[in-house]
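# Survey of secondary and tertiary structure
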Amino acid sequence: MTDVFVAMTAAAMNTKAIKLGAGVLVPSNRLAPVAANAFASLNAMAPGRIIAGLGTGYTARRTLGLRAQKLSEIREYVRVMRGLWNGDVVSAMLEGRERRFRFMHPGDRFANAADPIPVHISAFGPRARQMTAEIADGFINAWMSPAALDEIGILRDAARQAGRDPASMYATCLNLGCVLAPGEPYDSPRAKAQAGPMVAIGLHWLVEDNDPSRVPPALADTIREYRTLYESYQPAQERHMRLHEGHLLYLRPDEDHFVTADMIREQTLTGTPEVIRDRVAQLDAAGYDQVAVQIVPGHENAIEDWARVLLR
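Residues numbered from 1 in each chain as written. Predicted model: local features only at pLDDT ≥ 70, side-chain atom pairs only at ≥ 80, totals over all residues. Heavy atoms only, no water.

Our focus in this paragraph is the packing of helix H6 (residues 189-209) against helix H7 (residues 220-232). A pair of packed helices can be characterised by two numbers: the angle between their axes and the separation between those axes. Contact geometry for H6 and H7: axes closest at 10 Å, N-to-C directions at 75 degrees. Overall, the two elements H6 and H7 adopt an arrangement that is roughly perpendicular. Residues Leu203, His204, Leu206, Val207 and Glu208 of H6 pack against Thr222, Ile223, Tyr226, Arg227 and Tyr230 of H7. Tallied by class, residues from the contact of H6 with H7 come to 6 nonpolar, 2 polar and 2 charged. (Axes fitted to C-alpha atoms, helices over the stretch in contact; angles between N-to-C directions. Helix = DSSP H or I, 4+ residues; strand = E, 2+ residues; numbered from the N terminus. Parallel < 35°, antiparallel > 145°, perpendicular 65-115°, else oblique. Contact = heavy atoms within 4.5 Å. Nonpolar A, V, L, I, M, F, W, Y, C, P; charged D, E, K, R; others polar.)

What follows is about unusual backbone geometry. Residue Tyr58 is joined to Thr59 through a cis peptide bond whose omega torsion reads 25 degrees. That bond from Gln234 to Pro235 is cis: its omega, 0 degrees, falls within 30 degrees of zero. When you line up the elements, Pro235 lands in the loop between H7 and helix H8 (239-243). At Glu95, a residue that is not glycine, the phi angle is positive and equals roughly 50 degrees. Inspection of the secondary structure assignment puts Glu95 in the loop between strand S3 (90-94) and strand S4 (97-101). Take Glu95: its relative accessible area is 81%, and that puts it in the exposed class. Unusually for a residue other than glycine, Leu248 sits at a positive phi of about 55 degrees. Structurally, Leu248 can be placed in the loop between H8 and helix H9 (261-267). (Buried < 20%, exposed > 50% of the residue type's maximum accessible area, 1.4 Å probe, protein only.)

All right, on to the nonpolar core then. In terms of nonpolar packing, the biggest core is built from 50 residues, with Phe39, Met81 and Trp85 touching the most fellow members. In terms of residue count, the dominant contributor to this core is helix H3 (residues 71-85) (8 residues). Those residues within four positions of Trp85 in sequence are excluded, and the remaining contacts are Ala36, Phe39, Ala40, Ala52, Phe103, Ala113, Ile117 and Val119. Tyr186, Leu206, Ile223 and Tyr233 belong to the second largest nonpolar core, which has 24 residues in total. (Core = buried A, V, L, I, M, F, W, Y, C linked by side-chain atoms within 4.5 Å.)

Here we take up the side chain of His120. Note that His120 resides in strand S5 (residues 119-122). What makes His120 buried here is its relative accessible area of 8%. Not counting residues within four places of it along the chain, the set of residues in contact with His120 comprises Ile51, Ala52, Gly53, Leu54, Asp137, Gly138, Ile140 and Tyr170.

The subject of this paragraph is the environment of Thr2. The residue Thr2 is located in the segment before helix H1 (4-14) in this model. Relative accessible area serves as the criterion here: at 58%, Thr2 is assigned to the exposed category. With 112 residues separating them along the chain, Thr2 and Ala114 place their C-alpha atoms 28 Å apart.

Structure below.
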């Protein structure tokens with residue numbers, strides 16, 4: 001897939017007003033000073049329009065056979081980036097020793113740290129939400145299930161406990177979905193193509209984590225069957241690559257039948273225009289500032305459907 005900074009650069013060069021955020025960068029994949037410089041460089045191209053989105057690494061780390069990054073490491077990453085943007089000399093551990101460094105030419109035309117670069121964090125678990133409430137400027141939630149309505153409230157409460165104004169945190173709900181035509185079923189080929197990959201990553205997570213306590217009872221049989229498929233991938237030490245192929249892009253033929261109409265209805269932003277507007281209104285009332293819909297490759301014209309539904 002296209003590197004996030006390459007894509008953001010292309011967008012910065014071809015837009016004038018929209019915000020441009022990484023959705024999301026994984027700290028372990030780039031040194032903090034390198035990422036800080038990249039965001040500041042983008043901020044010089046698109047002043048005040050850059051957002052540093054961070055996450056623990058699903059699937060950027062999973063495709064390398066790694067587990068999620070530690071929250072303490074993300075907290076430290078944010079500290080280093082912000083210190084550099086503030087013009088400080090920063091002290092941090094690099095290659096086993098404490099090092100001191102700063103931006104070498106602050107204020108030049110190649111990097112812009114004068115315009116703020118907000119940090120938004122993708123956070124799902126309670127500890128991640130707590131950290132987000134303490135240090136981040138924004139919260140990214142990547143689920144459309146009913147739990148999404150509860151999670152924003154939990155985050156706002158955590159912000160209050162951290163002594164912050166909950167309204168100061170920008171909240172985004174990121175999802176895939178499909179605007180259904182009249183009479184079109186939730187599991188139509190078009191709906192599966194546009195929304196199905198969102199359902200699939202939840203199945204990937206449940207299968208790969210192999211924690212029965214996390215599997216909803218209604219999905220127990222599905223996950224058992226999917227695990228049989230997963231364990232058939234050979235060689236075993238490369239299963240993670242096969243499992244995550246198509247992540248948020250397409251459904252693989254061998255997993256297509258696992259994604260049902262009910263799953264698409266419950267877990268993605270799919271429905272008739274009226275259904276979608278009602279669900280977005282619920283998210284708005286719950287406290288989300290933005291609903292972002294990813295368009296999958298080959299269905300770029302779906303942006304016209306979304307414009308008709310949401311831009312009224």
